[in-house]
Amino acid sequence: MIETILLTTTRVCTFQQQHLLTNASGFFFERDERLFLVTSRHVLIDQPSQHFPDRLEIELHIDPEDMARSTGFSIPLYRNGQSLWRQGKDSSGEIDVAVIELERSALPPTAVHAAFNPLHLQDPDKQVEVGSSVLVVGFPLGFHDSLHHLPVVRQAGIAS
């Protein structure tokens, strides 16, 4: 049995046409029946390092009975010269978060994933205390469970 939190996170590879550029982490977020991939904006575009991929590929599990079976799913980053992602912002301006909507109908029909939703978001009126325990789920430097293609989970604490 796979814990649900492991299915919220996916490995992200960036490409310029067929050339692999980088590995990263992303997670699924669902709102009003719409499904999004959330990742760091610098994964999609980064001027200082001259990182300009034209598409992403995420890994999706495709068999709930055999989690070792997965497939790559390609996501274009541009259409007609316009970016397809949305840039995150806060009161100070742009932040290093971006989302791109996934067409559910284009996903493999047997795709196995889980998504966060607005009920999972931290109440903005509640403070997160220093020392609070958190889990960090992802694919640091592309590292992952090579059999099941699942992310690694690390425990951490909030620091000042």
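Please refer to the structure placed before this passage.
Here is what the cut-offs are and how they apply
- Residues numbered from 1 in each chain as written.
- Predicted model: local features only at pLDDT ≥ 70, side-chain atom pairs only at ≥ 80, totals over all residues.
- Heavy atoms only, no water.
- Helix = DSSP H or I, 4+ residues; strand = E, 2+ residues; numbered from the N terminus.
- Buried < 20%, exposed > 50% of the residue type's maximum accessible area, 1.4 Å probe, protein only.
- Contact = heavy atoms within 4.5 Å.
- Polar contact = N/O pair within 3.5 Å; in protein donor to acceptor, adjacent residues only side chain to side chain.
- 1 Å grid on protein atoms, 1.4 Å probe; cavity = no way out; pocket = protein on both sides within 12 Å on 5 of 7 lines; lining within 4 Å.
- Points joined across faces, edges and corners; volume = space filled by probe spheres on them.
- Nonpolar A, V, L, I, M, F, W, Y, C, P; charged D, E, K, R; others polar.
- Salt bridge = Lys/Arg side-chain N within 4 Å of Asp/Glu carboxyl O.
- Pairing = 2+ DSSP bridges.
- Axes fitted to C-alpha atoms, helices over the stretch in contact; angles between N-to-C directions.

**Describing the environment of Arg55**
Secondary-structure assignment places Arg55 in strand E4 (residues 55–61). Arg55 sits in the buried class, given a relative accessible area of 13%. When the C-alpha positions of Arg55 and Leu20 are compared, they lie 9.9 Å apart, and in sequence the two are 35 residues distant. Among all residues touching Arg55, those that are not within four sequence positions of it are Cys13, Thr14, Phe15, Gln17, Gln18, Ser74, Ile75, Pro76 and Leu77. Here Ser74 takes part through its side chain, which lies 3.2 Å from a polar atom of the side chain of Arg55.

**Some points on the side chain of Arg11**
Looking at the element boundaries, Arg11 is found in strand E1 (residues 9–16). At 3.1 Å, the side chain of Arg11 and the side chain of Glu59 are in polar contact. Aside from chain neighbours lying at most four places away, what touches Arg11 is Asn23, Ala24, Glu57, Ile58, Glu59, Phe139, Gly142 and His144.

**Details of empty space enclosed by the protein**
Going through the model one piece at a time under the given rule, you end up with one cavity of 30 Å³ or more. Roughly 50 Å³ of volume is contained in the largest cavity. Lining the largest cavity are Leu6, Leu7, Thr9, Thr10, Phe28, Glu59, Leu60, His61, Val112 and His113. Of all the secondary structure elements, the ones that give two or more residues to the lining of the largest cavity are E1 and E4. Per-element accounting of the lining of the largest cavity gives the leading share, three residues, to E4. Looking at the lining of the largest cavity, its residues break down into five nonpolar, four polar and one charged.

**Quick notes on the pattern of salt bridges**
Counting across every chain of the model gives five salt bridges. Note that Arg34 and Glu101 form a salt bridge whose closest N and O atoms lie 2.7 Å from each other. With Arg34 in strand E3 (residues 34–39) and Glu101 in strand E9 (residues 93–102), the pair connects residues that are 67 residues apart, well separated along the chain. On the basis of relative accessibility, which here comes to 34%, the residue Arg34 falls in the partly exposed class.

**Side note on the sheet that holds E1**
Pairing is antiparallel across the open sheet formed by seven strands, whose spatial order is E5-E4-E1-E2-E3-E9-E8. Whereas interior strands pair on both sides, the edge strands pair on one side only; in this sheet they are strand E5 (70–76) and strand E8 (85–90). Recorded for the sheet is a direction-independent mean angle of 35° between the axes of neighbouring strands. Bridge count for strand E2 (residues 19–31) against E3 is five bridges, and the pairing is antiparallel. Note on E3: the bridge partner recorded for Phe27 is Val38.

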